[in-house]
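# Survey of secondary and tertiary structure
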Amino acid sequence: MKSAKALRSSKPVQHVGIKDIAASLSISIGTVDRALHDRPGVNPLTRDRVLKMAAKLGYRPNVAARFLKLNRTFRIAVLLPTEIATFFQPLREGIRAGASVWPDAGLEMHFEDYNRFGAGNVALLKSLVGKHLDGVVCAPSDAAAATPVINQLQREGTAVVCVATDAVRSERLASIAIDGYVSGSLAAELLSYALPPSATVGIFTGDLRVFDHSEKLRGYAASLALLAPHLRLLPVVESHDDPAQAYSMARKMLAEHATMQGLYISTANSLPVLRAIREAGRLDSVRIVVTDLSPELISEMENGYVMAALYQRPFTQGRIAIQSLLRYLWEHIRPARITKLAPHVVMRGNLSIFSRYVEDPGSIPG
């Protein structure tokens with residue numbers, strides 16, 4: 001431990017600025033500024049040199065100073081459902097955590113809630129048209145219906161970031177989500193290892209109008225065909241992320257397919273499906289891969305009734321979504337148009353790591 005004298009004599013940490021980067025590379029301050037903020041007029045090789053030198057010197061933009069210079073407030077709306085709280089609540093917390101590093105005085109962020117994923121978000125998006133917000137973060141459950149509204153917002157100057165799913169044909173600024181195709185592929189591979197030849201497998205999803213859900217189905221079906229052509233895939237079941245509908249459709253699926261041995265539940269709304277399987281007395285005979293985690297799912301995994309969970313990292317999705325938007329608004333740095341995160345495969349062997357996250361979403365980085 002340093003003595004008081006040593007602490008008094010320690011030199012203060014010097015803040016690295018644009019001038020330092022320019023001096024190190026023997027180029028103008030204006031060139032460095034344009035390169036750091038992705039503005040035109042900079043040779044790609046020069047921009048690469050600037051970014052590498054900035055990282056080497058430990059350059060960090062002074063966001064507070066930038067805000068004081070701009071002397072304005074950015075208004076942002078966040079549109080998310082309240083149901084499936086095990087996913088969307090950590091996503092909200094990630095958004096709050098990501099925004100916390102920016103000056104409070106320069107940001108007005110309003111959370112606009114609607115009841116259920118798949119019902120209400122397009123109407124809420126439409127209500128924002130003409131309000132001239134600076135940014136919107138949303139999870140478009142019906143990509144086709146949301147696309148013209150997103151395009152209208154973008155043309156009004158409202159930057160839209162999609163999170164958890166995407167409207168790929170829209171003009172949105174960026175999308176941050178788990179790689180749905182990879183999630184589906186992983187579920188198929190896990191079941192191919194666990195099931196005997198000629199077994200029957202199913203997939204229980206939310207709504208195929210949701211891009212994320214359709215990508216999971218695409219990855220699941222493609223990987224089954226490639227890795228396990230001996231497994232027979234049943235028709236997809238859509239529950240539209242309605243708990244009551246999920247339960248009744250699961251009961252019907254179990255009654256119609258008495259020999260089904262594997263099931264991938266590609267929506268976070270998995271508990272009603274598991275309840276139907278338990279009531280049918282088939283938890284021991286059906287190998288199950290679920291999406292995300294909750295205290296109830298952790299218990300099912302500990303007891304061996306759920307083989308694996310494909311964790312979608314909602315806190316991280318939210319944090320990256322809001323930081324991408326704020327960096328664009330404050331620093332004019334355009335984010336990658338599509339950011340796909342790798343899902344985490346959670347099984348009993350690593351469950352203890354992820355169970356902590358259910359209690360404290362911000363406790364596990366990434």
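Here we summarise the structure given alongside this text.

### Some remarks on the packing of helix 9 (residues 180-194) against helix 10 (residues 211-227)
Relative to each other, helix 9 and helix 10 sit at 40°, their axes nearing to 6 Å. Put simply, helix 9 runs oblique to helix 10. As helix 9 runs across helix 10, the sense of the crossing is right-handed. Between helix 9 and helix 10, the contacting residues are Gly180, Tyr181, Ser183, Gly184, Ser185, Ala187, Ala188, Glu189 and Leu191 on the first element and Asp212, Glu215, Lys216, Arg218, Gly219, Tyr220, Ala222, Ser223, Leu224 and Leu227 on the second.

### Some points on the pattern of salt bridges
If you walk through the whole model with that rule in mind, you get 11 salt bridges. Here Arg209 makes a salt bridge to Asp207, at a shortest N to O gap of 2.8 Å. Arg209 sits in the partly exposed class, given a relative accessible area of 45%. Here Glu279 and Arg251 are joined by a salt bridge, their closest N and O atoms 3.4 Å apart. Taken together, the residues Glu279 in helix 12 (residues 271-279) and Arg251 in helix 11 (residues 243-256) connect sequence positions 28 residues apart. Take Arg251: its relative accessible area is 44%, and that puts it in the partly exposed class. Taken together, the salt bridges that share partners define one network made up of Asp142, Asp207 and Arg209.

### Focus on the sheet that holds strand 2 (residues 107-114)
Strands sit in the order 2-1-3-4-5-12 across an open sheet of 6 strands; the sheet is parallel. Two strands bound the open sheet, and with one partner strand each, they are strand 2 and strand 12 (338-341). The sheet shows a mean angle of 15° between the axes of neighbouring strands, taken without regard to direction. In terms of strand pairing, strand 1 (residues 74-81) meets strand 3 (residues 135-138) through 4 bridges, oriented parallel.

### Points about the environment of Gly219
Locating Gly219 in the fold gives a position in helix 10. Considering only alpha carbons, one finds Gly219 and Ser183, 36 residues apart in sequence, at a separation of 7.2 Å. Setting aside chain neighbours within four positions, we find Gly219 in contact with Tyr181, Gly184 and Ser185.

### A word on the packing of helix 6 (residues 85-99) against helix 14 (residues 314-331)
Contact geometry for helix 6 and helix 14: axes closest at 6 Å, N-to-C directions at 40°. If you check the angle between helix 6 and helix 14, you find them oblique. Both helix 6 and helix 14 take part in a crossing whose hand is right-handed. Contact with helix 6, carried on its side by Phe87, Pro90, Leu91, Glu93, Gly94, Ile95, Ala97, Gly98 and Ala99, involves Pro314, Phe315, Gln317, Gly318, Arg319, Ile322, Gln323 and Leu326 of helix 14 and no other residues of that element. Class assignment for the residues of the contact of helix 6 with helix 14 results in 10 nonpolar, 5 polar and 2 charged.

### A short note on the environment of Ser192
Relative to the elements of secondary structure, Ser192 occurs in helix 9. In this structure, the C-alpha to C-alpha distance between Ser192 and Leu224, residues 32 residues apart in sequence, is 7.5 Å. For Ser192, the side chain forms a polar contact with the main-chain oxygen of Glu189, separated by 2.6 Å.

### As for unusual backbone geometry
Unusually for a residue other than glycine, His240 sits at a positive phi of about 55°. Looking at His240, the relative accessible area reads 30%, which means it is partly exposed. Unusually for a residue other than glycine, Asp292 sits at a positive phi of about 70°. Counting through the fold element by element, Asp292 comes out in the loop between strand 10 (287-291) and helix 13 (295-302).

Definitions and limits used
Residues numbered from 1 in each chain as written. Predicted model: local features only at pLDDT ≥ 70, side-chain atom pairs only at ≥ 80, totals over all residues. Heavy atoms only, no water. Axes fitted to C-alpha atoms, helices over the stretch in contact; angles between N-to-C directions. Helix = DSSP H or I, 4+ residues; strand = E, 2+ residues; numbered from the N terminus. Parallel < 35°, antiparallel > 145°, perpendicular 65-115°, else oblique. Left-handed = near helix turned anticlockwise from the far one by under 90°. Contact = heavy atoms within 4.5 Å. Salt bridge = Lys/Arg side-chain N within 4 Å of Asp/Glu carboxyl O. Buried < 20%, exposed > 50% of the residue type's maximum accessible area, 1.4 Å probe, protein only. Pairing = 2+ DSSP bridges. Nonpolar A, V, L, I, M, F, W, Y, C, P; charged D, E, K, R; others polar. Polar contact = N/O pair within 3.5 Å; in protein donor to acceptor, adjacent residues only side chain to side chain.

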